[in-house]
Amino acid sequence: MGTAGAERRVVGRKLPRRAQTPEPAARKAVTKYAFAGLSSRAGATTLALAFADWLARPSDRSVAYIGICDEGLRLSGNDYDKLGIDRRFAGRGYVSCYDRLAHGGSARAIENLDGGVNWLLRVPGEKTAPFDVADYVRLSACAASDVAVLDVCGQFGGQDRVAATQKLLRDCDRVFAVIDPLPSALMADPEKLEMFKAMESVGAEVLYVLNKMNSGVDVREMRAFLKIRDAVEVPFLDPAGIYAAEYNCCTVYAMPKLAQALDTAFTRMAT
């Protein structure tokens, strides 16, 4: 039995060093950007898809795009269909990360590469066991990329959607709160707005993205309602370009005129 306060004796040993043995490089953590709309149809998915496209052109970064959506809840249209994944991957196959994880596999080896982005999306109509927040965190962490762009469906989490969304967003490096400045959209989901502000209060990096900005917006009244200090403005994109992008199975950033309107905002959002 030792004596309290007694000096600890250490056995003398030698530690031979091999001069030629390099230290293994530390694994680089994935940088996670998350897009979440304040209201339905705020444009979060459109911007998230375009942002991933922007990050990948041209770049030495590997980019993954992850659609976070519970089965059957994205009533405004699926990411898979917006991009025309069935056309993009015709003849070479598309691997569902949701199906892989549901059967106990790993998403680390999945590479649905097209246009410089690894597209990890739910296939419309596929049946999988329910996912929880931990499953989505694991998916974003093991995506084979330097940067992951998460598009969080507004109805993610069901009845506990605000709490579930907040848990998921806490794992991200930067959160883009996408806002439609239409008054009815601003007032549609007060719980979600409070969630963003609560995250800010504890140190989360939340950047408000005022989407669809146009001359009809009363900027003073909008900012008075939101009570936000800093925001990035994105102009109301030409609807013809948005429709043309889907008909051509691409993001709006692939449309030259729309890309010009997004470059300034995306540069600020990524820095």
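Residue numbers run consecutively from 1 along every chain, following the written order of its sequence. In keeping with the predicted nature of the model, local features appear solely for residues at pLDDT of at least 70, side-chain atom pairs appear and are counted solely at 80 or more, and the whole-chain, interface and lining totals rest on all residues. Side-chain metrics rest on all non-hydrogen atoms present in the structure, leaving aside hydrogens and water.

**Focus: the environment of glutamate 111**
Note the cut-off: By definition, any uninterrupted DSSP run of H or I lasting at least four residues is a helix, any uninterrupted run of E lasting at least two residues is a strand, and each is numbered from the N terminus. For every residue, the accessible area obtained with a 1.4 Å probe (protein chains only) is divided by the maximum for its type, and the residue is called buried under 20%, exposed over 50%, and partly exposed between those limits.
Along the chain, glutamate 111 falls in the loop between α4 (97-102) and β3 (113-114). Using a relative accessible area of 54% as the deciding quantity, one classes glutamate 111 as exposed. In the structure, glutamate 111 is positioned 115 residues away from leucine 226 in sequence and 40 Å away in space, judged by C-alpha atoms.

**Considering the sheet that holds strand β2 (residues 63-68)**
Operational definition: Here, any two strands with at least 2 DSSP bridges between them count as paired. Working rule for contacts: check all heavy atoms of both residues, and any pair within 4.5 Å makes them a contact. To obtain each axis, a line is fitted to C-alpha atoms, and for helices this fit is confined to the stretch in contact; angles are then taken between N-to-C directions over 0 to 180 degrees.
Spatially, the eight strands line up as an open sheet ordered β3-β4-β2-β5-β1-β6-β7-β8, and their pairing is mixed. One side of each edge strand has no neighbouring strand; the edge strands of this open sheet are β3 and β8 (231-235). The sheet contact formed by strand β7 (residues 206-213) and β8 spans four bridges and is parallel. Residue pairing in the sheet places valine 209 in a bridge with valine 232 of β8. Most of the contacts of helix α6 (residues 161-169) go to strand β5 (residues 147-152), to which it runs at about 175°, and overall it touches β1 (31-37), β2, β5 and β6 (174-179).

**Some words on the side chain of aspartate 79**
The following threshold applies: Any N or O atom pair separated by 3.5 Å or less is treated as a polar contact, with the protein-specific requirement of one donor-capable and one acceptor-capable atom, and with residues adjacent in sequence counted only for side-chain atom pairs.
On the secondary structure map, aspartate 79 appears in helix α2 (residues 79-83). Its relative accessible area of 4% is what places aspartate 79 among the buried residues. A polar contact of 3.0 Å, which involves the side chain of aspartate 79, links it to the side chain of tyrosine 65.

**With respect to the state of the cysteines**
This is how it is decided: Here, two cysteine sulfur atoms that lie within 2.5 Å of each other are counted as a disulfide.
Enumeration over the complete set of coordinates arrives at zero disulfides. Looking at cysteine 153, it has no disulfide partner, and the nearest cysteine sulfur is the one in cysteine 69, 3.9 Å off. Left unpaired, cysteine 249 is separated from the closest cysteine sulfur, that of cysteine 250, by 7.7 Å.

**Let's talk about the pattern of salt bridges**
Heads up, the rule is: When a carboxyl oxygen of Asp or Glu is within 4 Å of a side-chain nitrogen of Lys or Arg, the pair counts as a salt bridge.
Under the definition given, this model contains twelve salt bridges. Here lysine 82 and glutamate 246 are joined by a salt bridge, their closest N and O atoms 3.6 Å apart. Separated by 164 residues along the polypeptide, lysine 82 in helix α2 and glutamate 246 in helix α10 (residues 239-247) bring together distant segments of the chain. Overall, the relative accessible area of 15% leaves lysine 82 in the buried class. A cluster of three or more residues bridged by salt bridges with shared partners is formed by Arg88, Arg92 and Asp114.

**Regarding the packing of aromatic side chains**
Definition in use: Stacked, tilted and edge-to-face are the three classes applied to pairs of Phe, Tyr and Trp rings, where Trp contributes its six-membered ring and a pair requires centres within 6.5 Å; stacked means planes under 30 degrees apart, edge-to-face means over 60, and tilted covers the rest.
This structure, assessed with the given rule, holds 16 aromatic pairs. Aromatic pair phenylalanine 196 and tyrosine 208: ring centres 6.4 Å apart, planes at 85°, arrangement edge-to-face. With phenylalanine 196 in helix α8 (residues 190-201) and tyrosine 208 in strand β7, this residue pair connects regions lying twelve residues apart in the sequence. Exposure class is identical for phenylalanine 196 and tyrosine 208. Each is buried.

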